[in-house]
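Secondary and tertiary structure notes
Below are the chains, spelled out letter by letter.
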Amino acid sequence: YALAAAEENAAGSLVVTAPTSGSAGLLPGLVYFLKHHEAATPEQLREGLLAAGLIGLVARRNASIAGAEVGCQGEIGVASAMGAAFLCQAHGLDARTVECAAEIALEHHLGLSCDPVGGYVQIPCIERNAAGAVAAYNAFLLAGTGSADSSLVSFDEVLAAMLETGRAMANAYKETSLGGLANCACCS
C-alpha cells in the first residue's frame, strides 16, 4: 500500500505529505493496512495518527525532516518513526513503547542519503516508502515485545545523531542528483 501511495505521489495525484512529499506513501499505506486488514476503529486510527504527528513535529523541531538538509534519513527515516508510533498507539501500547518504536525505526535509517535518479526524488523514494513501512512494522513488533524496557537509546538521542549525520553528509547526497545512486553509470 505504501508503494501504491508513493506511485500516486510520483504521478502528481493528491497525497498527504507526512512528513514530506518524498515519504508520502509510508503513513497512508500503514493506515490503509490497519483499517482494512486489522479492522482498526476510527478511534484507533485517530489516536495512532496523533502519535505519528507528535513524532513528526518533534523530529522537525529538534532535527529535520528535509532531504535537502539531512538526506533521506530525515524523510523516510522520520516517516518510518511516525509509522511505528502510529502502529503502537493504535494498538493501545504505552507511551514508552511508542517512543521506543519510533527510535528503533529511525535508528535503522541513519545515514540514508537522498540521491534522486534523473533529478526525480520519487524514483528511489517509491521503493523506500515500502521498505520504510516494513521497518515501521518491525519496530512496532520489536518495541512491543519488551524492548522499551531495555532500550539504551532514546528517540531524542537518535534525532541528535540523525542531525549530526546529516550535517556531516556531503551535499552531493542531499537531493542534488550529484552523488550516490543518482550518479551511477546506469543512472546518469
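Residues numbered from 1 in each chain as written. Predicted model: local features only at pLDDT ≥ 70, side-chain atom pairs only at ≥ 80, totals over all residues. Heavy atoms only, no water.

A short note on the environment of Ala68
Structurally, Ala68 is set in helix 4 (residues 67-70). Residue classification places Ala68 among the partly exposed residues on the basis of a relative accessible area of 47%. When neighbours within four sequence positions are excluded, Ala68 is seen to be in contact with Lys174 and Glu175. (Helix = DSSP H or I, 4+ residues; strand = E, 2+ residues; numbered from the N terminus. Buried < 20%, exposed > 50% of the residue type's maximum accessible area, 1.4 Å probe, protein only. Contact = heavy atoms within 4.5 Å.)

Points about the environment of Thr165
With respect to the helices, strands and loops of the structure, Thr165 is situated in helix 8 (residues 155-168). Its relative accessible area of 29% is what places Thr165 among the partly exposed residues. Along the primary structure Thr165 and Leu14 are separated by 151 residues, whereas in three dimensions their C-alpha atoms are 32 Å apart. When sequence neighbours within four positions are dropped, the list of residues in contact with Thr165 reads Gln73 and Gly111.

What to know about the side chain of Glu75
Structurally, the position occupied by Glu75 is in the loop between helix 4 and helix 5 (76-90). Arg128 provides the closest opposite charge to the buried, unpaired Glu75, separated from it by 8.5 Å. A distance of 3.0 Å separates a polar atom in the side chain of Glu75 from the backbone nitrogen of Gly67. Excluding anything up to four places from it in sequence, Glu75 contacts Pro19, Thr20, Gly22, Ser23, Ile65, Ala66, Gly67 and Glu175. (Lys, Arg positive; Asp, Glu negative; His and termini not counted. Salt bridge = Lys/Arg side-chain N within 4 Å of Asp/Glu carboxyl O. Polar contact = N/O pair within 3.5 Å; in protein donor to acceptor, adjacent residues only side chain to side chain.)

Describing the pattern of salt bridges
Applying the stated criterion across every chain, the model contains three salt bridges. As a salt-bridge pair, Arg46 and Glu43 come within 3.1 Å of each other at their nearest N and O atoms. Taken together, the residues span about one helical turn, with Arg46 and Glu43 both in helix 3 (residues 42-62) at a distance of three residues. Residue Asp115 pairs with Arg128 through a salt bridge whose shortest N-O separation is 3.1 Å. Of the two residues, Asp115 sits in the loop between helix 6 (95-107) and helix 7 (122-150) while Arg128 sits in helix 7, which places them 13 residues apart along the sequence. Of the residues examined, Arg128 reaches a relative accessible area of 16% and is grouped as buried.

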